[in-house]
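Examining the three-dimensional arrangement
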Amino acid sequence: MAASDDVRDNVKKYYGSRLESSCDLQTSAASCSLSCRPPPRSVTDALSQVHPEVTKRFFGCGLPFPAKLEGCRVLDLGSGSGRDSYAFSKLVGSSGHVTGIDMTEELITVSRQYVEYHQKKFGYEEPNVSFVQGYMEKLSEAGIESDSMDVLLSNCVVCLCPDKRSVLQQAYNVLKEGGELYFSDMYASKVVPDHMTARSSPVG
Ligand SMILES: C[S@@+](CC[C@H](N)C(=O)[O-])C[C@H]1O[C@@H](n2cnc3c(N)ncnc32)[C@H](O)[C@@H]1O
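All of the points below concern the structure found in this document. For clarity, every value in this text was computed on a predicted model and none was experimentally measured. (Residues numbered from 1 in each chain as written. Predicted model: local features only at pLDDT ≥ 70, side-chain atom pairs only at ≥ 80, totals over all residues. Heavy atoms only, no water.)

**Points about the overall build of the protein chain**
Under the convention used in this document: Numbering goes from the N terminus for both helices and strands, where a helix is a DSSP run of H or I of at least four residues and a strand is a run of E of at least two. Classification of residues uses two cut-offs on accessible area relative to the type maximum, computed with a 1.4 Å probe and protein chains only: under 20% is buried, over 50% is exposed, and between them is partly exposed. Here the accessible surface of atoms and residues is derived via Shrake-Rupley with a 1.4 Å probe, and residues count as covered only by protein chains that are part of the display.
Tallying secondary structure elements over the protein chain gives eight helices and five strands in all. Ordered by position in the sequence, the α and β elements of the protein chain form the string α-α-α-β-α-β-α-α-β-β-α-β-α. Across the 204 residues of the protein chain, 43% fall into the buried class. Accessible surface computed for the protein chain: about 11,500 Å², of which carbon and sulfur atoms make up 50%.

Structure (structure tokens):
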């Protein structure tokens, strides 16, 4: 098995089977330790309306929410249980649309269970959010069309992808001209010692 497949399998096992909720995270590295500007009221309101079962499985590390999303077509890269996707679905309004893509079946299953709940909660005639199981490095294979998205968002996912160049190339390809990418992530603020960059044994 290629090293990148190995990484993906470990990530799937960790987020899909090992973690029941954000309390089970094995590191506090994802907690935002910097003092950030408080998010706009519209964002905190939208987040507060997301179903608790979805929020329980939030594994992100930041709040990559642009100020204006009304009417936008948004793609959430590595959407997990869908917390951010559902908050975006409130912020884009009924004329916008959100697609969440994630490679982990268990999380896609959780996210899909709450589409109707949020449609009703936000008072939309039709659902404006959908979830696709697939890889960020292969957006076209997952059915995401070129030049189709106004905004791409990703919360704590790019760091988990072995092939970051493909992620950025694919992101650029699906963004419309003038579209924007927002992401939050974890990074090392010092040179990482060799023993930590060596491949580790599978999680769990
Ligand atoms: C730290 S969690 C964050 C999930 C979500 N953004 C949130 O804030 O709750 C990382 C997620 O990225 C997904 N993921 C990791 N690598 C991926 C890839 N190459 N393609 C698609 N999803 C990926 C995992 O399945 C997992 O759901």
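**A short note on the site of the ligand**
The cut-off we apply is this: Put simply, a residue is near a molecule or strand once any heavy atom of it comes within 4 Å of that molecule or strand. Residues adjacent in sequence count toward polar contacts only when both atoms are side-chain atoms; beyond that, a polar contact is any pair of N or O atoms within 3.5 Å, and within protein one must be able to donate a hydrogen and the other to accept it. Residue classes follow a fixed rule: Ala, Val, Leu, Ile, Met, Phe, Trp, Tyr, Cys and Pro count as nonpolar, while Asp, Glu, Lys and Arg count as charged, and any other residue, Gly among them, counts as polar.
Neighbouring residues of the ligand: 21 residues in total, closest Phe 59, Gly 78, Asp 102, Thr 104 and Glu 137. The backbone of Gly 60 places a nitrogen or oxygen atom 3.2 Å from an oxygen atom of the ligand. One of the backbone N or O atoms of Asn 155 is found 3.1 Å from a nitrogen atom in the ligand. Surface burial for the ligand is 99%, taken as the share of its 590 Å² of free accessible area covered by protein chains. Grouping the amino acids of the shell around the ligand by side-chain chemistry returns 12 nonpolar, seven polar and two charged.

**Remarks on the packing of aromatic side chains**
The following threshold applies: Pairing of aromatic side chains here covers Phe, Tyr and the six-membered ring of Trp, requires ring centres within 6.5 Å, and sorts the geometry by plane angle: under 30 degrees stacked, over 60 edge-to-face, intermediate tilted. Comment: the charge-over-ring label is applied if NZ (Lys) or CZ (Arg) is within 6 Å of the ring centre and within 35 degrees of the ring normal.
By the definition in use, this model includes three aromatic pairs. It is Arg 8 that lies over the ring of Tyr 135; its NZ or CZ is 4.5 Å from the centre. The side chain of Arg 83 reaches across the aromatic face of Phe 58, ending 3.5 Å from its centre.

**Re the nonpolar core**
Cut-off, in case you're wondering: Put simply, a nonpolar core is a bunch of buried Ala, Val, Leu, Ile, Met, Phe, Trp, Tyr and Cys residues held in one set by side-chain atoms that sit within 4.5 Å of each other. The contact definition used throughout considers only heavy atoms, calling two residues in contact when any of these lie within 4.5 Å.
Of all hydrophobic cores here, the largest spans 23 residues; its most connected members are Phe 65, Leu 69, Val 74, Tyr 86 and Phe 88. Looking at this core, the element that brings in the most residues is helix 4 (residues 83-92), giving five residues. Look past the residues within four positions of Tyr 86 in its chain and what remains in contact with it is Val 50, Val 54, Ser 81, Ser 111, Tyr 114, Val 115, His 118, Phe 122, Val 129 and Phe 131. Counting 15 residues, the second largest nonpolar core, distinct from the first, contains Leu 139, Val 157, Val 158 and Cys 161.

**Some thoughts on the packing of helix 2 (residues 41-48) against helix 4**
The following threshold applies: Note on definitions: angles span 0 to 180 degrees between N-to-C directions of axes, and those axes are lines fitted to C-alpha atoms, for helices only across the stretch in contact. Here the word oblique covers every angle except those under 35 degrees (roughly parallel), over 145 (roughly antiparallel) and from 65 to 115 (roughly perpendicular). A crossing counts as left-handed when the near helix is turned anticlockwise from the far one by less than a right angle, and as right-handed when that turn is clockwise.
Closest axis-to-axis distance for the helix 2/helix 4 pair is 8 Å, and the angle between their directions is 125°. By the angle class used here, helix 2 and helix 4 are oblique. Crossing angle aside, the handedness with which helix 2 passes helix 4 is right-handed. Every residue of helix 4 that contacts helix 2 at Ser 42, Val 43, Ala 46 and Leu 47 is listed here: Arg 83, Asp 84, Ala 87, Lys 90 and Leu 91. For the contact of helix 2 with helix 4, the class distribution of residues is five nonpolar, one polar and three charged.

**A few points about the sheet that holds strand 2 (residues 97-102)**
Here is the rule we go by: Strand pairing is defined by DSSP finding a minimum of two bridges between the two strands.
Reading across the sheet, the five strands line up as 3-2-1-4-5 and stay open at both edges, with parallel pairing between neighbours. In the strand order of this sheet, the two ends are held by strand 3 (129-133) and strand 5 (175-184), each with one partner. Across this sheet, the average inter-strand angle for adjacent strands is 20°, counted without regard to direction. Relative to strand 2, strand 1 (residues 73-77) runs parallel, the two sharing five bridges. Within strand 2, the residue paired with Arg 73 across the bridge is His 97. Its contacts with the sheet place helix 4 against strand 1, strand 2, strand 3 and strand 4 (149-155), and it is angled at close to 170° to strand 2.

**Focus on helix 7 (residues 164-174)**
Using the following cut-off: Working note: the arc is built from the helix axis to C-beta atom directions.
Buried within helix 7 we find Ser 166, Val 167, Gln 170, Ala 171 and Val 174. Projected onto a plane normal to the axis of helix 7, the buried residues spread over an arc of 135° and lie on a single side. Residues of helix 7 that are exposed and point more than 90 degrees away from the buried face comprise Arg 165 and Tyr 172. In this fold, the buried residues of helix 7 make contact with strand 1, strand 4 and strand 5.

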